[in-house]
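# Residue-level structural notes
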Amino acid sequence: MNIVILSRNAELYSTDRLVVEGEKRGHKIEVIDPLKCDIIIEKEKPTIFYKNRYLDYVDAIIPRIGASVTFYGCAVVRQFEMMNVFTIVTSDAIQRSRDKLRSLQRLSKAGIGMPKTVFTNYSRDVEEVINHVGGTPVIIKLLEGTQGLGVVLAETKNAAESVLEAFNGLQARVIVQEFIKEANGADLRALIVDGQVVGAMKRQGKDGEFRSNLHRGGSANIIKLSEAELRLAINAAKALKLPVCGVDMLQSARGPLLLEVNSTPGLEGIEGATGKNIAKSIITFIERNAKK
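To keep things clear, this report deals only with the structure shown in the data block. (Residues numbered from 1 in each chain as written. Predicted model: local features only at pLDDT ≥ 70, side-chain atom pairs only at ≥ 80, totals over all residues. Heavy atoms only, no water.)

## What about the sheet that holds strand E16 (residues 255-262)?
Pairing between the strands of a sheet is mediated by backbone hydrogen bonds and can be parallel or antiparallel. To keep things clear, this is the line we draw: A pair of strands is labelled paired if DSSP reports no fewer than 2 bridges between them. Secondary structure elements are taken from DSSP: a helix is a run of H or I of four residues or more, a strand is a run of E of two residues or more, and numbering for both begins at the N terminus. Note on geometry: axes are lines fitted to C-alpha atoms, helical ones only across the stretch in contact, with angles between N-to-C directions running from 0 to 180 degrees. In what follows, residue pairs with any heavy atoms lying within 4.5 Å of each other are defined as contacts.
If you trace the five strands from one edge of the open sheet to the other, you get E14-E13-E12-E15-E16, paired in antiparallel fashion. The open sheet has two edge strands with one neighbour each: strand E14 (219-222) and E16. Direction aside, neighbouring strands of the sheet carry axes that sit 30° apart on average. Where strand E15 (residues 244-252) and E16 come together, seven bridges link them in antiparallel fashion. Paired with Ser252 across the strands is Gly255, a residue of E16. The strands touched by helix H7 (residues 227-239) are strand E12 (186-193), strand E13 (196-204), E15 and E16; relative to E15, the strand with the most contacts, the crossing angle is about 140°.

Below, the structure is given as structure tokens:
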């Protein structure tokens, strides 16, 4: 098959691994920068033009769309969908997952456990917001934050009020979540492919760091998920209609709680921690579905 990876950087670990595994299985793999694609909208013949040629020969795409280019990246994915090209995640699903508030509302309706969360429209009654999640300490997150950026732990009421007032002054939209102390700065990442967990790791933040992101110096080890954790991960992916995604969870005294769902999860951490060939799983998922 002709498979296109929509990525701005062919040197990234995840992109390179997908190229290697796809070529091993006899496919022609191209890495294309979505921001350099021209979308041509025409009656009955939608097309994409890239570097002096039309991309009318593509069988499947693997979107690796960064958060900063969600709008145009999803427009390119949507155009491929209009051309009847198979995609491992749809444009609608990517946009749903990138909207933290919308995805949490959808996941809540699906019965997925999560930390108590409050969203408010620049409320001046900061104390009430903090009380809604059980008091301090609280986690305050920018709705557009990624890789642990825009996430603050406020340990006291005064600190929480200061952070919220600062974000409100900048008109930055935030959510406030209860702090799960017993998680001890760790979380779980389950990698879903074709609706099944193909790998899982426990990520531990470095000393004194409540965020477990590997980009922030955290470490990762393979873990066997409990039945409840497996169920939560699979149901969360299903609720957001993401056949391929990363599901982040916290271990709490009341069972696993969902943190977020990532529609373009990195492969380096999970492959390194588990020793599993996740890139191959994604390519074989395409093989099973692209021709349907």
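## Digging into the side chain of Ser97
With respect to the secondary-structure elements, Ser97 resides in helix H3 (residues 91-98). Excluding anything up to four places from it in sequence, Ser97 contacts Ser103, Leu242, Val261 and Ser263.

## So, the sheet that holds strand E8 (residues 117-119)
The strand order across the open sheet formed by four strands is E8-E11-E9-E10, and the pairing between neighbours is antiparallel. Both outer strands of the open sheet, E8 and strand E10 (151-154), are each paired with one neighbouring strand and no more. Neighbour-to-neighbour, the strand axes of this sheet turn through a mean angle of 25°, independent of strand direction. Relative to strand E11 (residues 174-178), E8 is paired through three bridges, and the arrangement is antiparallel. Each bridged residue has a counterpart across the sheet, and for Val118 the counterpart in E11 is Val176.

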